[in-house]
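Single-letter residue listing:
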Amino acid sequence: MEDKSIWQYDGMTWPEMRDTLLRIPQPVVAIPFGTVEDHGPHLPLSTDNDILMGTLNEVARRSQGDLLVTPLIPFGLDEHHMDFPGTISIELEICLAYVSQVAISIARHGFTHILIVNGHGSNQPVADLAARKCVLAEGIICASTTVNAAVDPVLVRDVVEEQRKGGPGSIAHAGEYETSMMLHLAPALVHMEKATRDIGQLKLKYFNWDHPEPSAFSWQDYWSRFTKDGICGDPTVASAESGKVIFEATVTRFLELVREFQTIPIRDRVDHHK
Ligand SMILES: [Zn+2]
């Protein structure tokens, strides 16, 4: 069995955890925050969690102790997908309270650098606010980010664009990107013969769902209003080769991100009332 004790947060004993807290530099702690939701007829409900954990665990393995990963928070904000069988949705206030309390608990033990790593688009504002709550409560460095380029391609925008084979709108959800990642990470779970191209979301002047073009406003509709199969993209052009290239770039750059994040100093607050 693989020795995960150096990077799996809950694989340690409490004395090992106490020693880890004293390490200089202290490791960054990642809290993976995903969801269980439909991803078309060709991908499992676990897709967001599979991409999240597959990527994050590999970063942690390569980090030589600089990144600890907590157990996955597997459920998120997903009411807009509930028309598709199997999706699990948690109210946003509960998600916010739950995720922020996980982060705050970790900070209370003395960890100073925490990343909430989101794997599902609609969790992103919740992850942002959970990180803010932790900073305000504990005064440490806590931030939110993602390893899923369909949530936000900022980490590997150039690589995703270089690998893109479908046209505009091919990436968003259960599309070219997520299917390629799953073909690389868990090919036995992918049923390519059932993959269909479905780009039903609107493309307007100020709103679009294609990466890397940003939208001028944020809007999330009920998904059954614009997709029949639970796809928004083109999975038919996905490939394991593309998935491997994007996966490797994501792991490499996320490790760089972790090491940079680890160096952020905690500066003193100043009370200007005096
Ligand atoms: Zn997804």
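Residues numbered from 1 in each chain as written. Predicted model: local features only at pLDDT ≥ 70, side-chain atom pairs only at ≥ 80, totals over all residues. Heavy atoms only, no water.

(A) View of the environment of His-109. By the element assignment, His-109 lies in the loop between helix 3 (92–108) and strand 3 (113–118). Separated by 92 residues in sequence, His-109 and Met-17 have C-alpha atoms that sit 9.4 Å apart. In contact with His-109, other than residues within four places in its own chain, are Tyr-9 and Leu-21. (Helix = DSSP H or I, 4+ residues; strand = E, 2+ residues; numbered from the N terminus. Contact = heavy atoms within 4.5 Å.)

(B) Focus on the packing of helix 2 (residues 47–62) against helix 7 (residues 240–262). Between helix 2 and helix 7, whose axes approach to 9 Å, the crossing angle comes to 55 degrees. On the basis of the axis angle, helix 2 is oblique to helix 7. Of the two possible hands of crossing, helix 2 and helix 7 adopt the one that is right-handed. The segment helix 2 lies against helix 7, with Gly-54, Thr-55, Leu-56, Glu-58, Val-59 and Arg-62 engaging Phe-247, Glu-248, Thr-250, Val-251, Thr-252, Phe-254, Leu-255 and Arg-259. Taken together, the residues that form the contact of helix 2 with helix 7 break down as six nonpolar, four polar and four charged. (Axes fitted to C-alpha atoms, helices over the stretch in contact; angles between N-to-C directions. Parallel < 35°, antiparallel > 145°, perpendicular 65-115°, else oblique. Left-handed = near helix turned anticlockwise from the far one by under 90°. Nonpolar A, V, L, I, M, F, W, Y, C, P; charged D, E, K, R; others polar.)

(C) Looking closely at the coordination of the zinc ion. Coordination sphere of the zinc ion, protein contribution only: His-39 (NE2), Asp-48 (OD), Glu-178 (OE) and Glu-178 (OE), at 1.9 to 2.7 Å. The coordination sphere of the zinc ion comprises four donor atoms, whose angles at the metal cover 51 to 130 degrees; the geometry is irregular. Along the chain, the residues donating to the zinc ion fall in the pattern H-x8-D-x129-E. Taken together, the residues span a long stretch of sequence, with Asp-48 in helix 2 and Glu-178 in helix 6 (residues 176–185) at a distance of 130 residues. (Donors = N, O, S within 2.8 Å, 3.2 Å for Na, K, Ca; no water. Tetrahedral: all angles 85-135°; square planar, octahedral: opposite > 155°, others 65-115°.)

(D) Examining the pairing of strand 4 (residues 141–146) more closely. By the bridge criterion, six bridges tie strand 3 to strand 4 in an arrangement that is parallel. Residue pairing for strand 4: Val-117 is matched across the bridge by Thr-145. (Pairing = 2+ DSSP bridges.)

(E) Spotlight on the packing of helix 6 against helix 7. Between helix 6 and helix 7, whose axes approach to 7 Å, the crossing angle comes to 90 degrees. In terms of their interaxial angle, helix 6 and helix 7 are classed as roughly perpendicular. Taken together, the residues of helix 7 that come into contact with helix 6 (itself represented by Tyr-177, Ser-180, Met-181, Leu-183, His-184 and Leu-185) are Ala-240, Ser-242, Gly-243, Lys-244, Ile-246 and Phe-247.

(F) Up close: empty space enclosed by the protein. Across all of its chains, the model carries one cavity of 30 Å³ or more by this definition. What the largest cavity holds in volume is close to 50 Å³. If you trace the largest cavity, you find it lined by Val-160, Gln-163, Arg-164, Ile-171, Glu-176, Tyr-177, Ser-180, Ser-242 and Ile-246. Elements with a minimum of two residues in the lining of the largest cavity: helix 5 (157–163), helix 6 and helix 7. In terms of residue count, the dominant contributor to the lining of the largest cavity is helix 6 (three residues). (1 Å grid on protein atoms, 1.4 Å probe; cavity = no way out; pocket = protein on both sides within 12 Å on 5 of 7 lines; lining within 4 Å. Points joined across faces, edges and corners; volume = space filled by probe spheres on them.)

(G) Representation of the nonpolar core within the structure. If you look at the biggest cluster of nonpolar residues, it comprises 40 residues, and the most contacted ones within it are Leu-56, Leu-67, Val-117, Val-156, Tyr-177 and Phe-254. When residues no more than four places from it in sequence are discounted, the contact partners of Leu-56 are Ala-30, Pro-32, Leu-67, Val-69, Val-117 and Phe-254. Listed in part, the 27 residues of the second largest apolar core include Met-12, Phe-33, Leu-68 and Ile-73. (Core = buried A, V, L, I, M, F, W, Y, C linked by side-chain atoms within 4.5 Å. Buried < 20%, exposed > 50% of the residue type's maximum accessible area, 1.4 Å probe, protein only.)

(H) Region of the structure containing the layout of surface pockets. Taken as a whole, the largest pocket spans an internal volume of roughly 1000 Å³. Together, 42 residues line the largest pocket, and Gly-121, Val-151, Trp-209, Ser-218 and Gln-220 are the ones closest to its centre. Sorting the residues of the lining of the largest pocket by element identifies helix 4 (124–138) and strand 4 as the ones contributing at least two each. For the lining of the largest pocket, the class distribution of residues is 16 nonpolar, 16 polar and ten charged. Within this model, the second largest pocket holds a volume of roughly 200 Å³. Together, Val-135, Leu-136, Gly-139, Ile-141, Ile-264, Pro-265, Ile-266, Arg-267 and Arg-269 line the second largest pocket. Among the residues forming the lining of the second largest pocket, the class breakdown is six nonpolar, one polar and two charged.

(I) Geometry of a negative patch on the surface. Together, Glu-79, Asp-83, Glu-91 and Glu-93 make up a region of like negative charge exposed at the surface. Tracing the sequence through the fold places Glu-79 in the loop between strand 2 (67–69) and helix 3. (Patch = residues over 30% accessible without salt bridge, like charges linked within 9 Å, V, L, I, M, F, W, Y side chains within 5 Å. Areas by Shrake-Rupley, 256 points an atom, 1.4 Å probe, with all protein chains shown as cover. Salt bridge = Lys/Arg side-chain N within 4 Å of Asp/Glu carboxyl O. Lys, Arg positive; Asp, Glu negative; His and termini not counted. Charge placed at Lys NZ, Arg CZ, Asp CG, Glu CD.)

(J) The arrangement of the pattern of salt bridges in detail. The final tally for this structure, using the stated rule, is ten salt bridges. The salt bridge involving Asp-234 is made with Arg-197; its shortest N-O contact spans 3.5 Å. Taken together, the residues Asp-234 in the loop between helix 6 and helix 7 and Arg-197 in the loop between helix 6 and helix 7 connect sequence positions 37 residues apart. Classification of Asp-234 by relative accessible area gives buried; the value is 5%. Note that Lys-274 is salt-bridged to Asp-271, the shortest N-O span being 3.9 Å. The network of salt bridges with common partners includes Glu-58, Arg-61, Arg-62 and Glu-248.

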